[in-house]
Amino acid sequence: MLLLSTAARTTRAKREALIRLRTVPLIALVLLLYLVTVLMMTYPLVDQIDTRLPFDLGDPLYMGWVISWNNQFLINQDFSLSALFDTNIYFPYKNTLAYSDLMLIPSIMISPVFYLTRNPVVTVNSLLFLLLALDAFAMFLLAKQLTKNTLAAIMAGFFYTFSAYHLAQIGHIQLHADAFMLLMLMYLHKWLSDNKPKYMLLAALMLFLEALSSWYYAIYGGILFLLFFGFFFIFKRIKITRGGLISFAIGALVLAALLYPFIHPYLTLHKTMPNFERTVGEASVYAAAPTDYLYTVERNVFWGQLLGFSRPGVENILFPGLAVILLAVAGLGGLLKSVKAKAKTGQIKLFYLIVSFIAFVYSLGPYKIILGRKVPLPFFFAFHLLPGFKSMRVPARFGLLVLLGLTILAAFGMTRLLEFWQEKRKEGKRADLIAVIVLAFVIFQQVSWSIPLSQPIASGDQIPPIYKWLAKDTKSEVIIELPPSGSEQVKYVHYSSYHSKQLVNGYSGYTPPLWADLESRVSEFPAIETIEFLRELGVDGVLVHSKLIPGSEKKLKGPWPKNVRLIKKVSGDYFFDISGPPAKDQIMPTSLNE
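Residues numbered from 1 in each chain as written. Predicted model: local features only at pLDDT ≥ 70, side-chain atom pairs only at ≥ 80, totals over all residues. Heavy atoms only, no water.

> Could you give an account of the pairing of strand S5 (residues 541–545), with specific residues and numbers?
With five of five residues buried, S5 lies mostly within the body of the structure. The alternating pattern of S5 places Gly541, Leu543 and His545 and Val542 and Val544 on opposite faces, both of which are buried. Across four bridges, the pairing between strand S3 (residues 478–482) and S5 is parallel. Note that in S5 the partner of glutamate 481 across the bridge is leucine 543. Inspection of the sheet shows S5 paired to strand S8 (residues 573–577) by five bridges, in the antiparallel sense. Of the residues in S8, the one forming a bridge with leucine 543 is phenylalanine 575. (Buried < 20%, exposed > 50% of the residue type's maximum accessible area, 1.4 Å probe, protein only. Helix = DSSP H or I, 4+ residues; strand = E, 2+ residues; numbered from the N terminus. Pairing = 2+ DSSP bridges.)

As structure tokens, this is what we get:
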């Protein structure tokens, strides 16, 4: 008997190893398929990878700086979190990396590109391609785990990633870092099926990685985690024991301990910066309306360009796609009967239906005006009671979880249709022709091509000469660039990736208090009062872009303080040293033209 048992285990192990061996080529092929599709859907971005960015020069260029800062931190091997969070922008403020998502894990994932190119634009564009492909791949793995159908899972990856939500948010690079949240769900389902502790540990690890990628999605992941346990506990698929509660508590404490050092800078900002916290008013502005789920991006070939169901914008374009909706309805077929029979598949479908519904309600924001009265919604209470909600300015982004739930249901619907097709093929009723027509429509109505691209931006060896010189300058440590306003701010931040000076300028979702009147206080440069203000701030160098300041050539012609010295002049860019001793009463008639 012992020999038979040993032989059976050996045979089973060989079978499992063979299955894994056969799975590797499929996984590689699917990932390659998604990556090629991403390059096609975002074309011609890949051809202009070093000069343009998706959508505009705002957030994508800023994210390029974030990725560069994180990778330079890793190169320097100064593994103190204060060194990571105290960046070179918004001098003299600290914790300035905490003004936005950390994006540490995506930075590590794309680090080979940064090390090879040292080009923020190339790096952030490459990261966009990678994140979109990984989103599709993670959805494929989740759908494959639930449906056991490869083709349905592949289509789920397409539905999810090349959706109106992701394409409308194409310029928000951090909002494509949701693969870890999907993988968390996959491991939770594996744990539910096999009850192996390693899957629970892997699910917790995915949530940790999501937190170090996108705080928005980490909060969403936490909500999904709690919903998962609550739902399957009610349906008695999860049994709570004393040992289980202890293990869960220990795991939660370990996860919190690992995350706390990265959360602490954000908590510090909440205490020290009055405008760091979002308000209910802001959340209401960026809330979704039910009709937003009917609109797609302008460049969607079928719904946008052909039928006109599109509008400009970013945050309120949430159409999941007609194919997803119809397939989700098909996937819900027989749901009540399946749930009553306590079938596993029925419970999973109901879970994702509930996820979509709850997310839809939360996407509507803190309140709606009904019959002239302001009626509070669940988001309002969560905003005031639950940790993390006050950092969320855009409730409409809960539309991602609506899409997630519908995509899983659509995968089940696709599985049913494929089974139906297989039956009809046996009967010889032109099943193949009908399947091709349906598949062609499903793909065609999903296609959006191409994405909007930004204006050109210099990078690599093509950056303006003044920044090449500044990168070699060893004297100045803290600089300000003038004018400190408008779209130029993010360009200053971008070019700081090359010279690494401390920069008074900055760009992010938050603005420090000093910047409320910064522009007015430096507009009279090189007036004595302006120079003294900058010196007190700690600035020792001023870079003036005269072409961006109307009449600046005439205005800057002397006289000006002796402690202001013109160090470099290149193509309308002037760099001044103001580190000399104070000389309030000493002026000389020096001109920029001299």
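The rest of the description comes next.
> Pulling in residues and values, what's your account of the nonpolar core?
If you look at the biggest cluster of nonpolar residues, it comprises 188 residues, and the most contacted ones within it are Tyr352, Leu404 and Val542. When residues of this core are assigned to their parent elements, the largest contribution, 17 residues, is made by helix H6 (residues 120–147). Apart from residues lying up to four places away in sequence, valine 542 is in contact with Ile480, Leu482, Phe525, Leu534, Tyr574, Phe575, Phe576 and Ile578. (Core = buried A, V, L, I, M, F, W, Y, C linked by side-chain atoms within 4.5 Å. Contact = heavy atoms within 4.5 Å.)

> Mind laying out the pairing of strand S7 (residues 565–570), listing which residues take part and the relevant values?
On a regular strand, one side chain projects to one face of the sheet and the next to the other, so that they alternate. Pairing between S7 and S8: five bridges, direction antiparallel. Across the sheet, residue lysine 569 finds its bridge partner in S8, namely tyrosine 574. Remark: two residues form the turn of the hairpin made by S7 and S8, two consecutive strands paired antiparallel; serine 571 in that turn has positive phi of roughly 50°.

> Go over the packing of aromatic side chains, please, and point to the residues and values.
One pass over the full model with this rule turns up 45 aromatic pairs. Plain terms: the ring middles of phenylalanine 302 and phenylalanine 441 are 5.8 Å apart, the flat faces sit at 85° to each other, and that makes the pair edge-to-face. Of this pair, phenylalanine 302 sits in helix H14 (residues 301–306) while phenylalanine 441 sits in helix H20 (residues 431–444), and the two are 139 residues apart along the sequence. Given the relative accessible area of 15%, phenylalanine 302 is considered buried. A connected cluster of aromatic rings, assembled from ring pairs, spans Trp191, Phe225, Phe228, Phe229, Phe231, Phe232, Phe235, Phe248, Phe351 and Tyr352. Positioned over the ring face of tyrosine 295 is arginine 311, at 4.5 Å from the centre of the ring. The residue whose ring lies beneath arginine 397 is tyrosine 216, and the NZ or CZ to ring-centre distance is 4.8 Å. (Phe/Tyr/Trp six-rings, centres within 6.5 Å; stacked < 30°, edge-to-face > 60°. Lys NZ or Arg CZ within 6 Å of the ring centre and 35° of its normal.)

> Any details on the sheet that holds S3? Residues and values, ideally.
Reading across from one edge, S4-S3-S5-S8-S7 is the order of the five strands in this open sheet, with mixed pairing throughout. What marks the edges here is a single partner per strand, and that holds for strand S4 (502–503) and S7. Its contacts with the sheet put helix H22 (residues 488–499) on S3, S4 and S5, and the angle it makes with S3 is roughly 145°. (Axes fitted to C-alpha atoms, helices over the stretch in contact; angles between N-to-C directions.)

> Kindly report on the packing of helix H21 (residues 465–472) against H22, identifying the contributing residues and their values.
Axis separation between H21 and H22 bottoms out at 8 Å; the angle between their running directions is 40°. Our classification of the angle between H21 and H22 gives oblique. In the crossing of H21 with H22, the sense of the turn from one axis to the other is right-handed. Two secondary-structure elements touch here, H21 through Tyr467, Leu470 and Ala471 and H22 through Tyr492, Tyr495, Tyr498 and His499. For the contact of H21 with H22, the class distribution of residues is six nonpolar, one polar and no charged. (Parallel < 35°, antiparallel > 145°, perpendicular 65-115°, else oblique. Left-handed = near helix turned anticlockwise from the far one by under 90°. Nonpolar A, V, L, I, M, F, W, Y, C, P; charged D, E, K, R; others polar.)

> Describe the side chain of aspartate 101, listing the residues and the values that go with them.
If you trace the backbone, aspartate 101 turns up in the loop between helix H3 (81–85) and helix H4 (104–109). For the buried aspartate 101, which has no salt bridge, the nearest side chain bearing the opposite charge is arginine 397, at an N-O separation of 6.4 Å. A distance of 2.7 Å separates the side chain of aspartate 101 from the backbone nitrogen of tryptophan 215, its partner in a polar contact. (Lys, Arg positive; Asp, Glu negative; His and termini not counted. Salt bridge = Lys/Arg side-chain N within 4 Å of Asp/Glu carboxyl O. Polar contact = N/O pair within 3.5 Å; in protein donor to acceptor, adjacent residues only side chain to side chain.)

> Residue-level account of unusual backbone geometry, with values.
A cis amide bond links phenylalanine 91 to the next residue, proline 92, at an omega of 10°. Within the secondary structure layout, proline 92 lies in the loop between H3 and H4. With an omega dihedral of -10°, the bond running from tryptophan 449 to serine 450 counts as a cis peptide bond. Structurally, serine 450 is set in the loop between H20 and H21. One non-glycine residue, phenylalanine 55, lies in positive phi territory at about 75°. Positionally, phenylalanine 55 belongs in the loop between helix H1 (2–41) and helix H2 (59–76). Although it is not a glycine, arginine 118 adopts a positive phi angle of roughly 50°. Looking at the element boundaries, arginine 118 is found in the loop between helix H5 (111–117) and H6.

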